[in-house]
Amino acid sequence: MPDAPRPDNAPPQALIRSEGEPEAPYDGGPPAYDNIRKPWPGRVYDYLTGGGARHSYQSDRAWGRALDKALPWAKNSMQINRRHKVTGTLVLAELGIEQFIDLGCGYPTNRKQEWPDTVPLVRTVHSDARVMYVDVDRYVCAFANTSLATGPGTDFLRADARDVPAMLAAGRLVKLFDLTEPIGVILHDVLPWLGDEEAAQAMGDLHELLPAGSAVSLTHATGDENPAGMEQLVEAYAEAGCDYRPRALDQITELVGPWDLLDPGLQPTSQWAATNRRTSPRSSCPSCASRRTAPTRTPR
Ligand SMILES: C[S@@+](CC[C@H](N)C(=O)[O-])C[C@H]1O[C@@H](n2cnc3c(N)ncnc32)[C@H](O)[C@@H]1O
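Residues numbered from 1 in each chain as written. Predicted model: local features only at pLDDT ≥ 70, side-chain atom pairs only at ≥ 80, totals over all residues.

1. Quick notes on the overall build of the chain
Within the chain one finds ten helices and nine strands. Across the 300 residues of the chain, 45% fall into the buried class. (Helix = DSSP H or I, 4+ residues; strand = E, 2+ residues; numbered from the N terminus. Buried ≥ 20, exposed ≤ 12 C-beta atoms within 10 Å, placed from the backbone.)

2. What about the packing of helix α1 (residues 41-51) against helix α3 (residues 72-94)?
Put simply, α1 and α3 touch, their axes get as near as 9 Å, and they point 85° apart. With respect to α3, the element α1 is oriented roughly perpendicular. Note on element contacts: α3 touches α1 through K75, M78, Q79 and R82, opposite Y45, L48 and T49. (Axes fitted to C-alpha atoms, helices over the stretch in contact; angles between N-to-C directions. Parallel < 35°, antiparallel > 145°, perpendicular 65-115°, else oblique. Contact = placed C-beta atoms within 7 Å.)

3. What to know about the site of the ligand
Neighbouring the ligand are 21 residues, the closest being G104, G106, V136, A161 and H188. For the shell around the ligand, a count of residues per class yields nine nonpolar, five polar and seven charged. (Near = placed C-beta within 6 Å. Nonpolar A, V, L, I, M, F, W, Y, C, P; charged D, E, K, R; others polar.)

4. Points about unusual backbone geometry
Phi at D189 takes a positive value of approximately 55°, unusual for a residue other than glycine. Its location among the elements puts D189 in the loop between β4 (184-188) and α8 (196-209).

5. Structural notes on α1
Burial analysis of α1 places ten of its eleven residues in the buried class, which makes it a mostly covered element. Within α1, the full set of buried residues consists of P41, G42, R43, V44, Y45, D46, Y47, L48, T49 and G51. Where the residues of α1 are buried, they touch α2 (58-70), α3, α5 (138-148) and α9 (227-239). Of the residues one or two after α1, G52 is the one with positive phi, at around 55°.

6. Looking at the confidence of the model for the chain
Looking at the chain as a whole, the pLDDT averages 80, with 79% of positions reaching at least 70. Across residues 6-30, confidence stays below pLDDT 50; counting only partners more than four residues off in sequence or on other chains, it has 32 contacts. Under a pLDDT of 50 for its full length, residues 276-300 has, in the predicted model, 89 contacts with residues more than four places off or in other chains. (pLDDT = per-residue confidence, 0-100.)

7. Notes on the environment of D224
Relative to the elements of secondary structure, D224 occurs in the loop between β5 (215-221) and α9. A sequence separation of 25 residues divides D224 from L249, and the C-alpha atoms of the two residues are 7.0 Å apart. Excluding its chain neighbours within four sequence positions, the residues that come into contact with D224 are A248 and L249.

8. Here we look at α8
Between its terminal C-alpha atoms α8 stretches 20 Å, which fits the 20 Å expected from 14 residues at 1.5 Å a residue. Inspection of α8 places A199, A202, M203, L206 and H207 among the buried residues, and these make up the whole buried set. Summarising the axial view, the buried residues of α8 lie within an arc of 125°, below the 170-degree limit, and thus occupy one face. Projecting away from the buried face of α8 at angles above 90 degrees are the exposed residues E197 and E208. (Expected span 1.5 Å × (residues − 1). Arc of directions from axis to C-beta.)

Right, here's the structure in full:
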């Protein structure tokens, strides 16, 4: 049965337990996701990738429908990104990595058969794999707490990709992980929400601070294939009050600079397929080339 739409005046029922974790820092004013009368990208993304009305508000759904009408490729692109989580995550698990940070995890998917969540995915490779779900949005964390991090070896953390050292030092993470062993980071469609310096800092800090053998699976929006369309998307987000920063291929290449790219390197997400995969992707990708992805690995 479909979930009832969330009424505009109702906050999420599941509020996160903070257990001493610091609130993520903000530079000024309340975070925009608290304003449920305005669309918020995380909720719109969830709505357009099959989330229905479970995590979204009327403002998100109205804006999402208008976006889908004006720029239908955008939803396609979001779904390709969502689907790539299966591939990107399994690639990291098949490197032998057994502990994962799903950084900017977003809302739990409603399409679990097609796009399993991170825990069941990595546990197809390592039955004891541990997963920390991380997001800066406390509503996402509320759902991560109640729907994603529900069993042993899993947890959620409210943290900011702009402060990787704080994330890696958080008590919950230190408790869950062995910080001398490699960690896989799933970083899909998060860097476009960060400024240029913040994104570079995040990638540099991950490289610097993660244990040897760690790896990142990255997806990042680009306007290289469809500059006019992407400009329209950026404008649509700007009108909704959100900064979205697709980057050119050379900028994304710079972001992954400190990392060793795994084959086949930076590719449109719909076309990315590891050459050494044991497990086949679970669904085919419609053609859409607005994102690129680069699973990477430390050189050590
Ligand atoms: C478009 S969703 C992508 C969700 C998921 N990674 C996926 O690819 O399906 C972007 C997510 O990144 C989160 N996010 C944005 N900025 C962040 C930051 N500075 N730190 C942590 N998470 C962030 C948002 O709250 C949102 O849940």
